[in-house]
Amino acid sequence: DTEVTQTPKHLVMGMTNKKSLKCEQHMGHRAMYWYKQKAKKPPELMFVYSYEKLSINESVPSRFSPECPNSSLLNLHLHALQPEDSALYLCASSQETGLVLYGYTFGSGTRLTVV
Amino acid sequence: QKEVEQNSGPLSVPEGAIASLNCTYSDRVSQSFFWYRQYSGKSPELIMSIYSNGDKEDGRFTAQLNKASQYVSLLIRDSQPSDSATYLCAGRDDKIIFGKGTRLHILP
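All values reported here derive from a predicted model rather than from experimental measurement.

> Summarise the pattern of salt bridges; cite the residues concerned and give the values.
Opposite charge on two side chains makes pairing possible when the charged atoms of those side chains draw close. Residues and elements named next belong to chain B. In this structure the tally under the stated criterion is seven salt bridges over all chains. Between E45 and R37 there is a salt bridge, with its nearest N and O atoms 2.9 Å apart. For the salt bridge of R77 with E57, the shortest nitrogen-to-oxygen distance reads 3.4 Å. Taken together, the residues R77 in the loop between β8 (71–76) and β9 (85–92) and E57 in strand β6 (residues 54–58) connect sequence positions 20 residues apart. The exposure class of R77 is partly exposed, given its relative accessible area of 26%. Overall, the relative accessible area of 59% leaves E57 in the exposed class.

Right, dumping it as structure tokens:
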């Protein structure tokens, strides 16, 4: 299994809603990542988990809350989002954060629209 | 200097020709380099990685790294319309940092 699976593929939520994005990988990777990508822009790193511990938070607003329940799962909890948070949210994984010779494998993404 | 820089394009190349994509980088992202292909509305797909000076070939793709000049390039031989996409150059130190991407359009 060489895939990163993200659910849901599309999500529309109101500004007062609470929702969660889910990501799963079964490649034995110990590093997992959340990226945000706006149209015609490169992916922007949000969070890095290494061995199930949060290692990097790129100054992301608290309305985004990551969680790593185990080495295969990564969640992103969303609360009180703004319309400008509408974007493609990408999950990625890699063997370990310290193994710099390896790239990341990306999931297919969740297209989020905040109304 | 930004960490990874690319010309945003679009770069238009006739079908069957060689497409050449270039990227420069700063000292911060000097460990290894990656080329990702991203179709519109889809997620990035890793197509090449390189960390040693010189060329690395995989099918129609060749990645080139020149650490002295701090540039990395991707050549696509025998370009096909299906190669039309945005190509993201990325460098890695403790994390991957992406360039802005180059839009490539292969003309049938």
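> Give me the pairing of strand β3 (residues 18–25) of chain A: which residues, what numbers.
Residue and element names in this part refer to chain A. Here strand β1 (residues 4–7) pairs with β3 via four bridges, running antiparallel. Paired with T7 across the bridge in β3 is K22. Two elements, β3 and strand β8 (residues 73–79), share seven bridges in a ladder whose sense is antiparallel. If you follow C23 over to β8, its bridge partner there is L74.

> Pulling in residues and values, what's your account of the environment of B:G91?
Residue and element names in this part refer to chain B. Position of G91 among the secondary structure elements: in strand β9. Residue G91 is classed as buried on the basis of its relative accessible area of 0%. Spatially, the C-alpha atoms of G91 and Q70 are 11 Å apart, while their sequence positions differ by 21 residues. In this view, G91 contacts V4, V29, S32, F33, I96 and I97; residues no more than four positions away in its chain are not counted.

The rules behind the values
Residues numbered from 1 in each chain as written. Chains lettered and ligands numbered in written order. Predicted model: local features only at pLDDT ≥ 70, side-chain atom pairs only at ≥ 80, totals over all residues. Heavy atoms only, no water. Salt bridge = Lys/Arg side-chain N within 4 Å of Asp/Glu carboxyl O. Helix = DSSP H or I, 4+ residues; strand = E, 2+ residues; numbered from the N terminus. Buried < 20%, exposed > 50% of the residue type's maximum accessible area, 1.4 Å probe, protein only. Pairing = 2+ DSSP bridges. Contact = heavy atoms within 4.5 Å.

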